There are 2 protein chains.
Amino acid sequence: MALGEFDLIAKFFKRPVRRAALGVGDDCALLNVAPGMQLAVSSDMLVEGRHFLSTVAPARLGHKALAVNLSDLAACGARPLAFTLALSLPRADEAFLEGLASGLFALAEEHGIELVGGDTTAGPLNLCITVFGEVPAGQALLRSGARAGDDLWVSHPLGGGIGDARLALEVFRGRLTLDGRDFENVRHAMEQPRPRVALGQALRGLAHSAIDVSDGLLGDLGHVLRGSQLGARVDADALPRSAVLAAQPRALQLECGLAGGDDYELLFSAPPARREAVRAAAHAAGVGVARIGELQAEPGLRLVDGYGVPLQAEFASFDHFRSA
Amino acid sequence: MALGEFDLIAKFFKRPVRRAALGVGDDCALLNVAPGMQLAVSSDMLVEGRHFLSTVAPARLGHKALAVNLSDLAACGARPLAFTLALSLPRADEAFLEGLASGLFALAEEHGIELVGGDTTAGPLNLCITVFGEVPAGQALLRSGARAGDDLWVSHPLGGGIGDARLALEVFRGRLTLDGRDFENVRHAMEQPRPRVALGQALRGLAHSAIDVSDGLLGDLGHVLRGSQLGARVDADALPRSAVLAAQPRALQLECGLAGGDDYELLFSAPPARREAVRAAAHAAGVGVARIGELQAEPGLRLVDGYGVPLQAEFASFDHFRSA
């Protein structure tokens, strides 16, 4: 895209510089980091056909590309500052770029952050976003901070649950059908995830560990367990579920909720003595939180139902599913 | 690449954390930025077939992917700190990844920087690197800082010149042939560019503006002229040229040197009173510098030969070439 590359950047992606010392248009962007703060950085790449369907509306793609990155900042308890966008496009499609930019900047505005640099090139459709946030030194929420005895919590939309994104994907795959309005609801969960940025910051000093659920709850919990050298008990029946998911067969509910992925909710641990503080933080952030288990000293993951009865067969199948 | 994604990261890309507060393996990396310093950030995406040929050795690709990003830091006068890598791969090819990592980390070691985070996914081959550097607040070299009367300089390898990368590309394209050793020399320039990191830092407080030559000298100079609202005279015969390029027809020499791109040399401006200081900085950094023209108040670009005779026809053809 030698032809017009700079025009495209200027037309769709150049905005006035606010927080950054220097924004789009030089060799580098320059960011100021306040004394006593650490810079939190995360990079995610989205590839057509793998992370989004070719049928997705460009504005929703723009939203999601930034949302999944903001979700990483949320999981560290960082306050978002800025982002860069590198974009590979088969051709300079103005309608696509306009839509992409509108979704991207709407979410950026919501979080008060700005695009400070990037790159555009010709090639298969691929978006790579790097986000920058700040967190008081030593206060970031890590995967390695969980302690035995911690409650295990997962956030969810008020009145909703986790697993809807996966349910929508199964509809796209033709495995099941949903009524129009139900489909729109779960499709919204898949295409328009809400990064839990306010909750992440509110959990600083409260949660011992946090991760965002992107690859599936059990898989992401596995990272926390390895990072913290602990085990866990998870109560499958305590998983928050939307009305749409709760109307599905139980096996599908568990598959979507435990192994679905693309939820971008926060999975975190906190001491039982702080339950009210956790609920207050979630309330202030406008999201729900569900207590779904406990961190334990004994290694391994124990999946149980609401009566405490082990669900080993289901767990084995999710584990296989996750790495298939 | 759900299968083995985490294993691949651990196997090829996880190294001990040194400078960063937290490296690969959590939701975010955490970086410390010293008081009084600004963070310089740049992102570049490399796509197979556009930025590198499918025949490139993986180690050379790893080198180049990081080098082009470090070159942006160099052009700002920043000291490199760390980088993230997002990688899309058609399949988990261990030999490819091992080679890629070896080239990447060899250059990273040379500059004392570390990989602090990233992402791997399945998809068409695509590398997106974001680099982080630090520069004393207010001292970054910008495209907008040039002043009328400044000398225009370009760096080059000692004993070499600019334009070799383009000459190599023309060989790959079958437009010309070179003897084996000559081809190896220019191919090396194309595949193994040396980012001018030491020179960039040495030019702080000395140069008024800087940019790295990635899209072709005249095209990149255009960014400086627009950023600084100036014009320039460029002496085409003053361009530094390698012996291999100097043996080519003059028209090809000028095309490669003025419009070639992929040089990753620094194009910078400095006051005539600082010529000796510029030469001393280049000497200390182990690179050559050539004075190739002058920044002027009158807008526009005036390309002349060694006798000061205008080369308008050639310039027009490069301009067309650049945007074609």
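Residues numbered from 1 in each chain as written. Chains lettered and ligands numbered in written order. Predicted model: local features only at pLDDT ≥ 70, side-chain atom pairs only at ≥ 80, totals over all residues. Heavy atoms only, no water.

Identification of chain A as Thiamine-monophosphate kinase from Azohydromonas caseinilytica is taken from an unreviewed UniProt entry. Its UniProt record gives chain A the following Function (unreviewed entry) comment, quoted word for word: "Catalyzes the ATP-dependent phosphorylation of thiamine-monophosphate (TMP) to form thiamine-pyrophosphate (TPP), the active form of vitamin B1." In the Catalytic activity (unreviewed entry) part of its UniProt record, chain A is described as follows: "thiamine phosphate + ATP = thiamine diphosphate + ADP". (UniProt positions renumbered as here; feature names shortened; annotations may be inferred.)

Participant: Give a description of the packing of helix α2 (residues 58-76) of chain A against helix α5 (residues 180-191) of chain A that names residues and reports values.
Facilitator: Packed helix pairs are specified by the crossing angle of their axes together with the interaxial distance, meaning the distance between the axes. Residues and elements named next belong to chain A. Across the interface, α2 lies against α5 with an axial gap of 9 Å and an inter-helix angle of 50°. For the element pair α2 / α5, the angle class is oblique. Counted together, Arg 60, His 63 and Lys 64 of α2 and Glu 184, Arg 187, Met 190 and Glu 191 of α5 form the full contact between these two elements. Per-class residue counts for the contact of α2 with α5 are one nonpolar, one polar and five charged. (Axes fitted to C-alpha atoms, helices over the stretch in contact; angles between N-to-C directions. Helix = DSSP H or I, 4+ residues; strand = E, 2+ residues; numbered from the N terminus. Parallel < 35°, antiparallel > 145°, perpendicular 65-115°, else oblique. Contact = heavy atoms within 4.5 Å. Nonpolar A, V, L, I, M, F, W, Y, C, P; charged D, E, K, R; others polar.)

Participant: Tell me what's going on with the relation of the copies chain B and chain A, and back it up with residues and numbers.
Facilitator: Expressed as a screw operation, the relation of chain B to chain A combines 0.0 Å of axial shift with a rotation of 180°, fitting to an RMSD of 0.0 Å. Expressed as an axis order, the relation between the two copies is that of a two-fold axis. Relative to the rotation axis, the C-alpha of Pro 35 of chain B is the closest in chain B, positioned 2.9 Å from it. A symmetric contact is evident, with 100% of the interface residues of chain B recurring at the interface of chain A. (Least-squares fit on C-alpha atoms with pLDDT ≥ 70 in both.)

Participant: Go over the UniProt feature "binding site: Mg(2+) 1" (unreviewed entry) in chain A with me, naming the residues and quoting the values.
Facilitator: Here the UniProt-annotated "binding site: Mg(2+) 1" (unreviewed entry) positions come out as Ser 43, Asp 44 and Asp 119 of chain A. Setting aside anything within four residues of it in sequence, one finds Asp 44 of chain A in contact with Val 68, Asn 69, Asp 72, Leu 127, Cys 128 and Ile 129 of chain A together with Asp 119 of chain B. Counting through the fold element by element, Asp 119 of chain A comes out in strand β4 (residues 114-122). Note on Asp 119 of chain A: relative accessible area 12%, which makes it buried. (Buried < 20%, exposed > 50% of the residue type's maximum accessible area, 1.4 Å probe, protein only.)

Participant: I'd like a description of the confidence of the model for chain A, backed by residues and values.
Facilitator: Put simply, chain A has an average pLDDT of 89, and 89% of its residues get 70 or more. Segment residues 320-324 of chain A: pLDDT under 50, and seven contacts once partners within four positions in sequence are set aside and those in other chains are kept. (pLDDT = per-residue confidence, 0-100.)

Participant: Tell me about the packing of aromatic side chains, and name the residues and values.
Facilitator: As enumerated under the stated definition, the model contains five aromatic pairs over all chains in all. With a centroid separation of 5.5 Å and an interplanar angle of 65°, the aromatic rings of Phe 172 of chain A and Phe 183 of chain A are classed as edge-to-face. Placement of the pair is Phe 172 of chain A in helix α4 (residues 164-172) and Phe 183 of chain A in helix α5, with a sequence separation of 11 residues. Phe 172 of chain A gets classed as partly exposed once you look at its relative accessible area, which sits at 31%. For the ring pair Trp 153 of chain B and Phe 268 of chain B, a centre distance of 6.2 Å and an interplane angle of 5° mean the geometry is stacked. (Phe/Tyr/Trp six-rings, centres within 6.5 Å; stacked < 30°, edge-to-face > 60°.)

Participant: Please set out the interface of chain B and chain A residue by residue, giving values where relevant.
Facilitator: Between chain B and chain A, the contact holds 59 residues from the first and 59 residues from the second. Each partner contributes to the roughly 4400 Å² buried at the junction of chain B and chain A, and carbon and sulfur atoms together form 58% of this total. Taken together, chain B and chain A are joined by zero salt bridges. Seen at the junction of chain B and chain A, the total is 10 residue pairs in polar contact (both at pLDDT 80 or more). Of all the secondary structure elements, the ones that give two or more residues to the side of chain B that touches chain A are β1 (29-32), β2 (37-47), α2 (58-76), β3 (79-89), β4 (114-122), β5 (126-136), β7 (209-212) and α11 (312-323) of chain B. Inspection of the sheet shows strand β2 (residues 37-47) of chain A paired to β1 of chain B by four bridges, in the antiparallel sense. Paired with Gln 38 of chain A across the two strands is Asn 32 of chain B, which belongs to β1 of chain B. (Buried area = accessible area lost by both parts, 1.4 Å probe. Salt bridge = Lys/Arg side-chain N within 4 Å of Asp/Glu carboxyl O. Polar contact = N/O pair within 3.5 Å; in protein donor to acceptor, adjacent residues only side chain to side chain. Pairing = 2+ DSSP bridges.)

Participant: I'd like to hear about the packing of helix α4 (residues 164-172) of chain B against helix α9 (residues 250-259) of chain B, residue by residue, with values.
Facilitator: All names here are of chain B. It is at 7 Å that the axes of α4 and α9 come closest, and there the two elements cross at 120°. On the basis of their axis angle, the class for α4 and α9 is oblique. α4 and α9 meet at a crossing whose hand is right-handed. For the pair α4 and α9, contact is made by Arg 166, Leu 167 and Glu 170 and by Leu 252, Glu 255, Cys 256 and Ala 259, respectively. Looking at side-chain class alone, the contact of α4 with α9 contains four nonpolar, no polar and three charged residues. (Left-handed = near helix turned anticlockwise from the far one by under 90°.)

Participant: Explain the UniProt feature "binding site: Mg(2+) 5" (unreviewed entry) in chain A to me, using residue names and the numbers behind them.
Facilitator: Residues and elements named next belong to chain A. As annotated by UniProt and renumbered to match this structure, "binding site: Mg(2+) 5" (unreviewed entry) occupies Asp 215. Along the chain, Asp 215 falls in the loop between β7 (209-212) and α7 (217-228). Accessibility expressed as a relative area gives 38% for Asp 215, which makes it partly exposed.

Participant: Go over the pairing of β2 of chain B, please, and point to the residues and values.
Facilitator: Residues and elements named next belong to chain B. Judged by how many residues are buried, β2 sits mostly within the fold: 10 of 11 residues are covered. Summarising the sheet, β2 and β5 pair through 11 bridges and their orientation is antiparallel. Residue Ala 40 lies in a different strand from β5, and its bridge partner there is Gly 133.

Participant: Describe the pattern of salt bridges, and please don't skip the residues or the numbers.
Facilitator: Taken as a whole, this structure holds 32 salt bridges over all chains when the rule is applied. Ionic contacts of the salt-bridge type, sharing partners, join the residues Arg 166, Glu 170, Arg 173, Arg 175 and Glu 255 of chain A into one network.

Participant: Tell me about α9 of chain B, and name the residues and values.
Facilitator: Residues and elements named next belong to chain B. Taking burial as the measure, the 10 residues of α9 include eight buried ones, the bulk of the element. Among all positions in α9, only Leu 252, Gln 253, Leu 254, Glu 255, Cys 256, Gly 257, Leu 258 and Ala 259 are buried. Immediately beyond the C-terminal end of α9, within one or two residues, lies Gly 261, with a positive phi of roughly 85°.

Participant: How would you summarise unusual backbone geometry if you had to cite specific residues and measurements?
Facilitator: All names here are of chain B. Despite not being glycine, Gln 229 shows a phi value in the positive range, around 55°. Mapped onto the elements, Gln 229 comes out in the loop between α7 (217-228) and β8 (231-235). For Gln 229, a relative accessible area of 72% gives the class exposed. Of note in the backbone geometry, Asp 262 takes a positive phi value of approximately 65° without being a glycine.

Participant: Talk me through the environment of Thr 84 of chain B; I want residue IDs and the actual numbers.
Facilitator: Residues and elements named next belong to chain B. Tracing the chain through its elements places Thr 84 in strand β3. Relative accessible area serves as the criterion here: at 1%, Thr 84 is assigned to the buried category. Expressed as a C-alpha distance, the spacing of Thr 84 and Gly 117, which sit 33 residues apart in the sequence, is 4.8 Å.

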